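# Topology and contacts: notes
What follows is each chain in one-letter form.
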Amino acid sequence: MQAIFQKAIENSMSYNDYLNLIDQKINENSSTGHEQNEMLTDFTKLNRARMKRLDKTQQILPELENITKQITEKQVWIVLTESWCGDAAQNVPVLQKLAEINPMIDLRLVLRDDNDELMQNYLTNGGKSIPKLIAVSADLDKELFTWGPRPATAQVEVKRLLDENGGFNDKVKEGIQIWYNNDKGISMQNELINLLKNAAN
């Protein structure tokens, strides 16, 4: 895995570079990823607006802030993402806030479609669901923890919406967005508290 992590990091970018790439794609009327269509472009535009809002408004729970500050050895947080992914737009800004709290966290974003070898090692129920956070030691020798593609409570809500609506449609999309708006990043942060506690032990 060390070689796969190394290759992904060579293909990676900072959060700001990721935002710049999304802006560039919007200017080109496209999205990141190998598949291109109008729907993915529209999602990209919507997600950029959400990320802009979350960058300004997202609050970090005091307990998570304290645990994050206690990290004393460098960790590399590799995140598989794409501009069109609604879950990524909601969750990646939280990870960036944590990286800002402690310079020991090196947040590196990688595009899913350009890093298939890494993605294949972190499938969710056999699918390439994103975002996917893989936290590794500085020497890339040890996986510390993983998270994603969405909080467990959101996953339950998505399943309910899919069952209720007979598959993915606008109602499901809207329902997921309402869930995220109400949750305000709390569920994800609570999960990260537990992961960071376990990683420290």
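Please read all numbers here as calculations on a predicted model, not as lab measurements. (Residues numbered from 1 in each chain as written. Predicted model: local features only at pLDDT ≥ 70, side-chain atom pairs only at ≥ 80, totals over all residues. Heavy atoms only, no water.)

## Quick notes on the pairing of strand E4 (residues 143–147)
For strand E3 (residues 132–137) and E4, the ladder comprises 4 bridges, and the chain directions are antiparallel. Bridge pairing in E4 places Ala-135 opposite Phe-145. Joining the antiparallel neighbours E3 and E4 is a turn of 5 residues, in which Leu-140 adopts a positive phi near 65°. (Pairing = 2+ DSSP bridges. Helix = DSSP H or I, 4+ residues; strand = E, 2+ residues; numbered from the N terminus.)

## Here we look at the pattern of salt bridges
Overall, the coordinates contain 12 salt bridges when judged by the stated rule. Here Arg-48 and Asp-23 are joined by a salt bridge, their closest N and O atoms 2.7 Å apart. Of the two residues, Arg-48 is situated in helix H3 (residues 38–57) and Asp-23 in helix H2 (residues 15–27); the sequence distance between them amounts to 25 residues. A relative accessible area of 11% places Arg-48 in the buried class. Overall, Asp-23 belongs to the partly exposed group, its relative accessible area being 28%. Residues Lys-173 and Asp-170 are paired through a salt bridge, measuring 3.0 Å at the closest nitrogen-oxygen approach. Linking Lys-173 with Asp-170, this pair stays in helix H8 (residues 170–183), spanning 3 residues, or about one helical turn. Salt bridges sharing common partners tie together Glu-157, Arg-160 and Glu-164. (Salt bridge = Lys/Arg side-chain N within 4 Å of Asp/Glu carboxyl O. Buried < 20%, exposed > 50% of the residue type's maximum accessible area, 1.4 Å probe, protein only.)

## Focus on the environment of Leu-98
Within the secondary structure, Leu-98 is located in helix H5 (residues 86–101). Assessed through its relative accessible area of 0%, Leu-98 is described here as buried. Residues in contact with Leu-98, not counting those within four places in the same chain, are Ile-60, Leu-64, Thr-68, Trp-77, Ile-105 and Leu-192. (Contact = heavy atoms within 4.5 Å.)

## Some remarks on the packing of aromatic side chains
Using the criterion set out here, one finds 2 aromatic pairs in the structure. Relative to Phe-145, the ring of Trp-77 lies with its centre 5.9 Å away and its plane at 80°, an arrangement referred to as edge-to-face. One end of the pair, Trp-77, is in strand E1 (residues 75–81); the other, Phe-145, is in strand E4, and 68 residues separate them in sequence. In terms of burial, Trp-77 and Phe-145 fall into one category: buried. Between Trp-179 and Tyr-180, the ring centres sit 5.2 Å apart and the planes meet at 85°, which makes this aromatic pair edge-to-face. Overall, the relative accessible area of 17% leaves Trp-179 in the buried class. (Phe/Tyr/Trp six-rings, centres within 6.5 Å; stacked < 30°, edge-to-face > 60°.)

## Details of the layout of surface pockets
Considering only enclosed or pocket space, the largest pocket measures out at about 720 Å³ in volume. For the lining of the largest pocket, the secondary-structure elements that each account for two or more residues are H3, H5, helix H7 (152–165) and H8. For the lining of the largest pocket, the element with the highest residue contribution is H3, accounting for 6 residues. Looking at side-chain class alone, the lining of the largest pocket contains 13 nonpolar, 8 polar and 7 charged residues. If you add up the space inside the second largest pocket, you get close to 330 Å³. As for the second largest pocket, its lining consists of 15 residues, and the residues nearest its centre are Ile-71, Glu-73, Gln-75, Ala-199 and Ala-200. Element by element, the count of residues in the lining of the second largest pocket is highest for helix H9 (residues 186–200), at 4 residues. Looking at side-chain class alone, the lining of the second largest pocket contains 7 nonpolar, 4 polar and 4 charged residues. (1 Å grid on protein atoms, 1.4 Å probe; cavity = no way out; pocket = protein on both sides within 12 Å on 5 of 7 lines; lining within 4 Å. Points joined across faces, edges and corners; volume = space filled by probe spheres on them. Nonpolar A, V, L, I, M, F, W, Y, C, P; charged D, E, K, R; others polar.)

In short, shape yes, function no, at least from these values alone.
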